[in-house]
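Each chain, written out:
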Amino acid sequence: MRPKGSSASSTPDIANRKMFSVAALGLLTAATVVTSLRTLPMMAQEELTMFFYIGFAALLFLIPAGLVSAELGSAFSERTGGVYTWVGEAFTPKVGFVAIWLQWIECIVWYPTELGFAAAAVAYAVGDNTIAQNTYYIGGFCILAYLLATLIALTGTRFLVKVAQFGFLVGIVFPCLILIILAVWWVVSGNPIGWETLTDPEVAVRRDGYDHPRWFPHINGLGAIAFLGGILLAFAGVEAQATHVSELRDTRRGYPAVIAIAAVISILVFTLGALSIAAILPYKEISVETGLFTAYERAFGQLLGIQWPVQALSWLIGYGALSGALAWLAGPSRGLLATAQDGMLPPWFQRENRVGVQKNILLAQFVVVAAISSIYILMDNVSTAFVLISVMAISLYIIMYIMMFAAVIRLRITQPGLPRSFRIPGGLPGVCIVAGIGLISVVFALVVSFFPPEQLTIKNPVTYVALNLGGIAIAITVPLLIFYFHNPSWRGEGGHQQQSFSDIDE
C-alpha cells in the first residue's frame, strides 16, 4: 500500500494492490526477462559456444543482478519506485532520477525492436513472410500494436498481469517446448545434427582431420565478441518488476523467490531453445531474423510432411512478443510516476486514471514509441534499423545497471542497519564480490558495444559508434536538465520518497 500522503486519485488502485502471489510475480518477472523468442537464433548462431556466452551472462550478470535486486527490493519493499528509490537512497535523488529515466527510456527504445519481431511472426502466421522486410508494414504494425498494449495497460494492473502471464505461457513457453520436442525427435530420427556438420572456423575447430564444434569462442578481436552485450542484455529485466514488490502478499520473503523463479525459467528457455535451433538447422541457414521460423518449417516438413503448425505457432509467438512488451509497460513507468510525485516532473505526469494507472506517462510513452517506430519506415533495410535501435537500448540499460550495482555496495556501507529480509551472504565483502562481478560484466559489455559485431553487416561503423555515443549523451543530459529546471511546486501529494530522501532539491 502507499505510504501516508498518497493522492486521492490513487485510492482506487488499492484494490489492485497486495494481489500478487510469489508464483504470479515470478512469472511476470520471467516475462520481462524472456520477452520473446527472438534472441534464440542469435544464440544458436554460436552453436555450442552458446554455452560459454549463456554461462557468462547467467553467472556474471543474471545471478548478481538477481541477488542485488532481491536485497534492494526486500529493503524497500513498502515503497514503489524501483531503481529510483534504490539508487536515490544510495546516492542522491538526482542520480536516482537518472537511473529510472535510463531504464524507462531504454524500454522506449526497445519496444520497436520487440514489436518488429512480433510483426515478422504475424507475417509468417498469415503465410506471407516477404512482408516481414517491408518497412512500412513493420513500422505501422509497431505503432498499432503498441497502441493496443497501452489501452490494455490503462485498464489496470490486474488485467495487464493476466494478459502478460497468459502470453508468456502460450506465446513463449509453449512454442519453446514444441521446438525442444521437435529437436529431440529430429535427433532420435537420425537426421543430420547441425553442429556435427560445422566447417566454419568461427564455430568449429579441426582436429585429427575432422571438424569439431567449438566449446570456447574463437576470439580474434573485440569485434568477434561485441554481440556479447546483446546476449548479456537478453537476460536483463530481472529488476524491472521491483516496483510491484510492495504488492506481494509476503513482501519481504517473497521477492527473493520471485527472482529465483525468473532466473531458472530464463536460463532454461534460452539454452534449450537455442540448442534446438542449432540441432535442426545447418550453421549457414541460421538467420538472426528468421531462424526460429525456418527451424519450425524444416522440422515439421521433414518429420511430419506438414507446414500448417508453423503458421499456428507464429500466431502464438507474435502474441508472446506483444505480451512481453506489455509486461514492461507497467514497471518502469510506475517508477517514473514516483519521480513525478516527488516533483521531478511537471504535475501533468502525476495524473492517474480512476484505477490508479499512470495514464499520462503511458500516453507520453506511446507518442515517443510511435516516433521511434517511424525509423523503420524511413530506412530502406529492416535489419539495419533493427540493429541500430538495439544498439541504443543496450548501452542505456548497461549504464543503469552500473548505478544499481554501485548502489547496493554504498547502502551496505552507509545504511548497514537498514532492515533487509534478504541479504547477500558474506557481509560487506560478499556484497562487494557479487556486485563487483556484476559491475565488471556490464562495464565490459558497455566497452564492446562500441565495436560493430562481426556477425552483423553494418556498412558504416562510424554511424554505429556515433549513434551509440549520441544516444547515451542525449539520454543522460535530458534527465539532468529536467532535474536542474524542476520546480519544487511540482511535488504532488502522492510524493513519498521525500520521507527518506534528506533533501530532494540538493
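Residues numbered from 1 in each chain as written. Predicted model: local features only at pLDDT ≥ 70, side-chain atom pairs only at ≥ 80, totals over all residues. Heavy atoms only, no water.

S.K.: So what's going on with the overall build of the protein? Residues and values would help.
M.R.: The helix and strand inventory of the protein stands at 15 helices and two strands. Expressed as a percentage of its 506 residues, the buried residues of the protein come to 59%. Here the contacts in the protein between residues at least 6 apart in sequence split such that 79% fall between residues at least 24 apart. As presented, the protein carries roughly 19,000 Å² of accessible surface, and 68% of it is formed by carbon and sulfur atoms. (Helix = DSSP H or I, 4+ residues; strand = E, 2+ residues; numbered from the N terminus. Buried < 20%, exposed > 50% of the residue type's maximum accessible area, 1.4 Å probe, protein only. Contact = heavy atoms within 4.5 Å. Areas by Shrake-Rupley, 256 points an atom, 1.4 Å probe, with all protein chains shown as cover.)

S.K.: Would you mind going over the nonpolar core in detail, with residue names and values included?
M.R.: Core analysis: the largest hydrophobic core is formed by 151 residues, its most contacted members being Y111, I277, Y296, Y401 and M404. For this core, the leading source of residues is helix α5 (residues 93-125), giving 20 residues. Apart from residues lying up to four places away in sequence, Y111 is in contact with Y146, A325, W328, L329, Q365 and V369. (Core = buried A, V, L, I, M, F, W, Y, C linked by side-chain atoms within 4.5 Å.)

S.K.: Outline the pattern of salt bridges, supporting the account with residue identities and numerical values.
M.R.: Enumeration according to the criterion identifies four salt bridges in this entry. Across the salt bridge formed by E285 and R298, the nearest N and O atoms sit 2.4 Å from each other. With E285 in the loop between α9 (251-280) and α10 (291-303) and R298 in helix α10, the pair connects residues that are 13 residues apart, well separated along the chain. Classification of R298 by relative accessible area gives partly exposed; the value is 26%. (Salt bridge = Lys/Arg side-chain N within 4 Å of Asp/Glu carboxyl O.)

S.K.: Account for the packing of helix α4 (residues 83-90) against α5, with residues named and values stated.
M.R.: Their axes nearest at 7 Å, the elements α4 and α5 cross at an angle of 150°. Between α4 and α5, the interaxial angle falls into the category roughly antiparallel. Like other packed secondary-structure pairs, α4 and α5 cross with a definite hand, here right-handed. Of the residues in α5, those touching α4 at V83, Y84, V87 and G88 are P93, V95, G96, F97, A99, I100 and Q103. A breakdown of the residues in the contact of α4 with α5 according to their chemical character gives eight nonpolar, three polar and no charged. (Axes fitted to C-alpha atoms, helices over the stretch in contact; angles between N-to-C directions. Parallel < 35°, antiparallel > 145°, perpendicular 65-115°, else oblique. Left-handed = near helix turned anticlockwise from the far one by under 90°. Nonpolar A, V, L, I, M, F, W, Y, C, P; charged D, E, K, R; others polar.)

S.K.: Give me the lowdown on helix α1 (residues 22-33), citing residues and values where you can.
M.R.: End to end, α1 covers 16 Å across twelve residues, agreeing with the expected 16 Å (1.5 Å per residue, within 8%). Taking burial as the measure, the twelve residues of α1 include nine buried ones, the bulk of the element. (Expected span 1.5 Å × (residues − 1).)

S.K.: Would you mind going over α10 in detail, with residue names and values included?
M.R.: Counted at 1.5 Å a residue, the expected span for α10 with its 13 residues is 18 Å, and the 18 Å between its end C-alpha atoms agrees. Downstream of α10 by one or two residues, G305 has phi in the positive range, about 70°.

S.K.: Would you mind going over the packing of α5 against helix α15 (residues 461-485) in detail, with residue names and values included?
M.R.: Relative to each other, α5 and α15 sit at 135°, their axes nearing to 9 Å. It follows from the interaxial angle that α5 and α15 lie oblique. For the element pair α5 and α15, the recorded crossing hand is right-handed. For the pair formed by α5 and α15, the contact residues are P93, K94, F97, V98, W101, L102 and I105 on the first element and A475, I476, V478, P479, L480, I482 and F483 on the second. When its residues are assigned to classes, the contact of α5 with α15 shows 13 nonpolar, no polar and one charged.

S.K.: Talk me through the packing of aromatic side chains; I want residue IDs and the actual numbers.
M.R.: Counted by the stated rule, this structure contains 18 aromatic pairs. Where Y137 meets F141, the ring centres are 6.0 Å apart and the plane angle is 50°; that geometry is what we call tilted. In this pair, Y137 and F141 both sit in helix α6 (residues 135-153), four residues apart, roughly one turn of the helix. Taking the centre distance of 4.9 Å and the plane angle of 90° together, the rings of Y484 and F485 count as edge-to-face. On the basis of relative accessible area, F485 is assigned to the exposed category, the value being 58%. An aromatic cluster of at least three residues, connected via ring pairs, comprises F52, Y53, F56 and F444. (Phe/Tyr/Trp six-rings, centres within 6.5 Å; stacked < 30°, edge-to-face > 60°.)

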